[in-house]
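Breakdown of the fold
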Amino acid sequence: MSTLTVDDELYQRVTEAAAAQGKTIDEFVAEALRTALSMVGIRRTVRNGLPVMVVGGDTPPIDPARVRQYLEEEGV
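Calculation criteria
For every chain, the first residue of the written sequence is number 1, and numbering continues from 1 along that sequence. The predicted nature of this model means local features are confined to residues of pLDDT at least 70 and side-chain atom pairs, given and counted, to a pLDDT of 80 or more, with totals for whole chains, interfaces and linings taken over all residues. By convention in this description, side-chain values take in all heavy atoms of the structure and omit both hydrogens and water. Only runs of H or I of at least four residues qualify as helices and only runs of E of at least two qualify as strands under DSSP, and these elements are numbered from the N terminus. Two things to know: the radius of gyration comes from C-alpha atoms, and the globule rule equals 2.2 Å times the number of residues to the power 0.38. Relative accessibility thresholds used throughout: buried, under 20% of the residue-type maximum; exposed, over 50%; partly exposed, between the two (1.4 Å probe, protein chains only). We call two residues contacting when some pair of their heavy atoms lies within 4.5 Å. The term polar contact refers here to a pair of N or O atoms within 3.5 Å; inside protein, the definition further demands a hydrogen-donor-capable atom paired with an acceptor-capable atom, and it admits residues adjacent in sequence only when both atoms are side-chain atoms. Any residue with relative accessible area above 30% and no salt bridge may belong to a patch, with like charges joined within 9 Å and the nonpolar Val, Leu, Ile, Met, Phe, Trp and Tyr side chains within 5 Å. Areas reported here follow the Shrake-Rupley algorithm with a probe of radius 1.4 Å; residue values treat only the protein chains shown as occluding. When a carboxyl oxygen of Asp or Glu lies within 4 Å of a side-chain nitrogen of Lys or Arg, that pair is called a salt bridge. When DSSP finds two or more bridges between two strands, those strands count as paired. Only the stretch in contact is used when fitting a helix axis, every axis being a line fitted to C-alpha atoms; angles between N-to-C directions are given from 0 to 180 degrees. Note that the term roughly parallel is reserved for angles under 35 degrees, roughly antiparallel for angles over 145, roughly perpendicular for angles of 65 to 115, and oblique for everything else. Residues are grouped as follows: Ala, Val, Leu, Ile, Met, Phe, Trp, Tyr, Cys and Pro are nonpolar; Asp, Glu, Lys and Arg are charged; all remaining types, including Gly, are polar.

With respect to the overall build of the protein chain
- Tallying secondary structure elements over the protein chain gives three helices and two strands in all.
- Ordered by position from N to C terminus, the α and β elements of the protein chain give α-α-β-β-α.
- Here the C-alpha atoms of the protein chain give a radius of gyration of 19 Å, more than 25% beyond the 11 Å that 2.2 N^0.38 yields for 76 residues.
- Taken along the three principal axes of its C-alpha coordinates, the protein chain extends 50 × 30 × 30 Å.
- In the protein chain, buried positions account for 4% of the 76 residues.

What follows is the structure, given as structure tokens:
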């Protein structure tokens, strides 16, 4: 267990958001941090009116054949 220091305004917002979701502050902060950390290296933008996720050069491209295979396996 560790201690995290945040300013009063952020603490108030976290407290309200956690309560609105029926979670403890610890649960809410842990989930929010996990979500934020999972998006590190991903930048979102819009190109030609369409949302685009810009990823790092070490991220492999999406293989359309694998996508089709997955969709077929899932019956989608």
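And the narrative resumes.
Details of the environment of Arg 43
- With respect to the helices, strands and loops of the structure, Arg 43 is situated in strand β1 (residues 43-47).
- Separated by 13 residues in sequence, Arg 43 and Gly 56 place their C-alpha atoms 9.0 Å apart.
- With near-sequence residues (within four places) excluded, Arg 43 lies in contact with Val 52, Met 53 and Val 54.

Topic: helix α3 (residues 64-74)
- Of the residues flanking the start of α3, the one acting as N-cap is Asp 63, its side-chain oxygen 3.1 Å from the backbone nitrogen of Ala 65.
- Looking one or two residues beyond α3, the residue adopting positive phi is Gly 75, at roughly 70°.

A closer look at unusual backbone geometry
- Not every positive phi belongs to a glycine, and Asn 48 is a case in point at roughly 55°.
- Within the secondary structure, Asn 48 sits in the loop between β1 and β2 (50-54).

Some remarks on a nonpolar patch on the surface
- A cluster of nonpolar side chains, Leu 4, Val 6, Leu 10, Tyr 11, Leu 33, Leu 37 and Val 40, forms an exposed patch at the surface whose accessible area comes to about 690 Å².
- Mapped onto the elements of the fold, Leu 37 is located in helix α2 (residues 25-38).

Considerations on the pairing of β2
- One ladder, built from five bridges, connects β1 with β2; its direction is antiparallel. Note on β2: the bridge partner recorded for Thr 45 is Val 52.
- Here β1 folds back onto β2, and the loop between the two strands holds two residues, one of which, Asn 48, carries a positive phi near 55°.

Here we look at the packing of helix α1 (residues 8-20) against α2
- For the pair α1 and α2, the least separation of the axes is 9 Å and the interaxial angle reads 100°. Judged on the interaxial angle alone, α2 and α1 are roughly perpendicular. Along its contact with α1, which presents Tyr 11, Val 14, Thr 15, Ala 17 and Ala 18, the element α2 presents Ile 25, Phe 28 and Val 29.
- Broken down by class, the residue content of the contact of α1 with α2 amounts to seven nonpolar, one polar and no charged.

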